[in-house]
Amino acid sequence: MGLTSETTVYVMAALAAVCVGLLVWSWPRFARQGLWQVLGRLLAIGTTQVVIIAAFACWLNSSYQFFGSWGELFGRVETAPVGVTQAGEGVGNGTVNGVAVKGALVQPAGDEQLSRVSGLPTGPAAVNGRVESVKVIGRRTGVVDPAFVYLPPQYFQKAYQRQRFPVIVALSGYPGSIFNLAQHLRVSQTAGELQKSGQMQPTVMVMIRPTIAPPRDTECVNVPGGPQTETFLARDLPDALKSAYRVGHDASAWGVMGYSSGGSCALQLTMRDPHVYTTAAALSPDYRVKDDPTTGSLFGSGPDRTERMNGHDLMWRLKHLPVPQVSVLVAESKHGERGYPQTQAFIKAVKAPMRVASILPEHGSHNFPTWVQEMPPALKWMNQQLTFPQDVVPRHRKKGTVVADPPKPGPDPLRADGPEPTPTARTRR
């Protein structure tokens, strides 16, 4: 039985009912005086409560897909095959649900979670688009992470067969999953509706979780001696998507968004990796990464700890480092969410050439109903920032032709994984 299957939920519910029944039936025996009777009462009550809580937890996890398998629940994470780290050359071609995929960095995945999502496009892909269930393999990190990829109708139309498309990467919160992004945040459904009504250009939407080492929350940080989440999201993921789909190769076509800690990650990635993502939308984010019981030590204990911590404090970066040429949107409710003062402070701290927009409803909570309301304006705003790629897929490549890589930027002094270049592409305003 899978952790998220309905069978597991029904079995746990039945087991809880049996425990309650046994407790009621056996209680008269435990009602007598004596040490063993008292211990028996405590054991019976404790066992019944644990089983009831476990049944409720199974139901909650099945509904929101916090953990996708028993292995994830107990910290056993799938790792990529050894050969994948050499996948830069000679990778084979294949298909993912009928869509051509070049190489082994994006592979087909099971549709168990996808089949439970309501409102996904059906019928001809060239009319309604399609959502694919895949797993993304990190060539540098060896991470294997599930993802849903929404491809707009134009992706399948003959008139666009050589066209590349802009990309928005959507990140879940902790300990959320891609199921939450598809079912509860309605990422692909909202994007599809906006694109169909002409309020958003055709865009590839990639739904992925930043929790690459569950159950640990790594907050999109490259942990010293641990999970390299920033490298996966800022380097492995774009490389894998570019190798598999017709998406833009310039940073001006790439944006990232998220809710809760996923929104924090979106801001971190855009401000720390502006050569990869030039636009971010953050729904109810934090502006500083810090250790807590779910993260463990994110920054190590060496002499560079303070420097690493400052590098992930966005207010500190705005005050002490050159401001990146990016556009960000932040959303926070004035009443009902505790992060409103921090959001106001962040907005005031942003300076040129960085640009900031905001969604500040009067009332809202840290939950999906609030974020679902904020999704359409956030996506329409991102659409205005992202440039529709001008580069196209070449018809053919002559033997001996060398295709130049895009210009590389210069160093960010506070990147944990080494120097990276300064952005050269400007986003369309």
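What counts, and where the lines are drawn
Residues numbered from 1 in each chain as written. Predicted model: local features only at pLDDT ≥ 70, side-chain atom pairs only at ≥ 80, totals over all residues. Heavy atoms only, no water. Pairing = 2+ DSSP bridges. Helix = DSSP H or I, 4+ residues; strand = E, 2+ residues; numbered from the N terminus. Axes fitted to C-alpha atoms, helices over the stretch in contact; angles between N-to-C directions. Core = buried A, V, L, I, M, F, W, Y, C linked by side-chain atoms within 4.5 Å. Buried < 20%, exposed > 50% of the residue type's maximum accessible area, 1.4 Å probe, protein only. Expected span 1.5 Å × (residues − 1). Bend = angle between axes of the 7 residues up to and from the residue. Right-handed = clockwise from strand over helix to strand, strands pointing away. Salt bridge = Lys/Arg side-chain N within 4 Å of Asp/Glu carboxyl O. Phe/Tyr/Trp six-rings, centres within 6.5 Å; stacked < 30°, edge-to-face > 60°. Lys NZ or Arg CZ within 6 Å of the ring centre and 35° of its normal.

## Focus on the sheet that holds strand E7 (residues 204-208)
- Overall, mixed pairing links the nine strands, which are arranged E3-E4-E5-E7-E6-E8-E9-E10-E11 in an open sheet. Where the open sheet ends on each side, the last strands, each with one partner, are strand E3 (106-108) and strand E11 (355-359). With strand direction ignored, the average angle separating the axes of adjacent strands in the sheet is 25°.
- Here strand E4 (residues 130-137) pairs with strand E5 (residues 144-151) via eight bridges, running antiparallel. Directly across from Val136, in E5, lies its bridge partner Asp145.

## Structural notes on the nonpolar core
- Among the nonpolar cores identified, the biggest contains 50 residues, and Val169, Ile208, Tyr245, Phe346 and Met354 are the most heavily contacted of them.
- A per-element tally of this core places helix H7 (residues 229-244) first, with seven residues.
- Formed by 34 residues, the second largest nonpolar core is a distinct cluster that contains Ile168, Ala170, Leu185 and Ala331.

## Structural notes on H7
- Compared with the 22 Å implied by 1.5 Å per residue over 16 residues, the 21 Å span of H7 between its first and last C-alpha is a close match.
- The sharpest bend along H7 comes to roughly 35°, located at Asp236, with the proline Pro238 sitting one to four residues further on.
- Burial of H7 is extensive: 12 of the 16 residues sit out of reach of the surface.
- Those residues of H7 that sit buried are Thr229, Glu230, Thr231, Phe232, Leu233, Ala234, Asp236, Leu237, Pro238, Ala240, Leu241 and Ala244.

## Digging into the pairing of strand E9 (residues 279-283)
- In terms of burial, E9 is largely enclosed, as five of its five residues are buried.
- Here E9 shows a buried face lined by Thr279, Ala281 and Leu283 and a second buried face lined by Ala280 and Ala282.
- Of the pairings in the sheet, the one linking strand E8 (residues 254-259) to E9 comprises five bridges and is parallel in character. Bridging across to E9, Gly258 finds its partner in Ala282.
- A crossover connection joins E8 to the parallel E9 through helix H8 (residues 261-272); in handedness this β-α-β unit is right-handed.
- The sheet contact formed by E9 and strand E10 (residues 327-331) spans five bridges and is parallel. Residue pairing in the sheet places Thr279 in a bridge with Ser327 of E10.

## Notes on unusual backbone geometry
- Cis geometry is found at the peptide bond from Tyr174 to Pro175, where omega equals -5°.
- Within the secondary structure, Pro175 is located in the loop between strand E6 (167-171) and helix H5 (178-184).
- A cis amide bond links Ala352 with the next residue in sequence, Pro353, at an omega value of 10°.
- Residue position: Pro353 is located in the loop between helix H11 (340-349) and E11.
- Positive phi is not limited to glycine here, since Glu219 has a value of about 55°.
- Topologically, Glu219 is positioned in the loop between E7 and H7.
- With a phi angle near 60°, Cys220 is a residue other than glycine that sits in the positive phi range.
- According to the relative accessible area criterion, Cys220 is buried, its value standing at 2%.

## Details of the pattern of salt bridges
- Under the defined criterion, the tally for this structure stands at eight salt bridges.
- For Asp236, the salt bridge goes to Arg140, with nearest N and O atoms at 3.1 Å. On the criterion of sequence distance, the pair formed by Asp236 in helix H7 and Arg140 in the loop between E4 and E5 is long-range, its members being 96 residues apart.
- Arg140 sits in the partly exposed class, given a relative accessible area of 36%.

## Structural notes on the packing of aromatic side chains
- Summed over the entire model, instances satisfying the criterion amount to 10 aromatic pairs.
- Ring geometry for Tyr155 against Phe165: centres 5.6 Å apart, planes inclined by 40°, an arrangement best described as tilted. Placement of the pair is Tyr155 in the loop between E5 and E6 and Phe165 in the loop between E5 and E6, with a sequence separation of 10 residues. Note on accessibility: Tyr155 and Phe165 belong to one class, buried.
- A network of ring pairs unites the aromatic residues Tyr155, Phe156, Tyr160, Phe165, Tyr245 and Phe388 as a single cluster.
- Over the ring of Phe179 we find Arg116, and its NZ or CZ is 5.5 Å from the ring centre.
- A cation over a ring is seen here: Arg246 above Tyr155, with NZ or CZ 4.1 Å from the ring centre.

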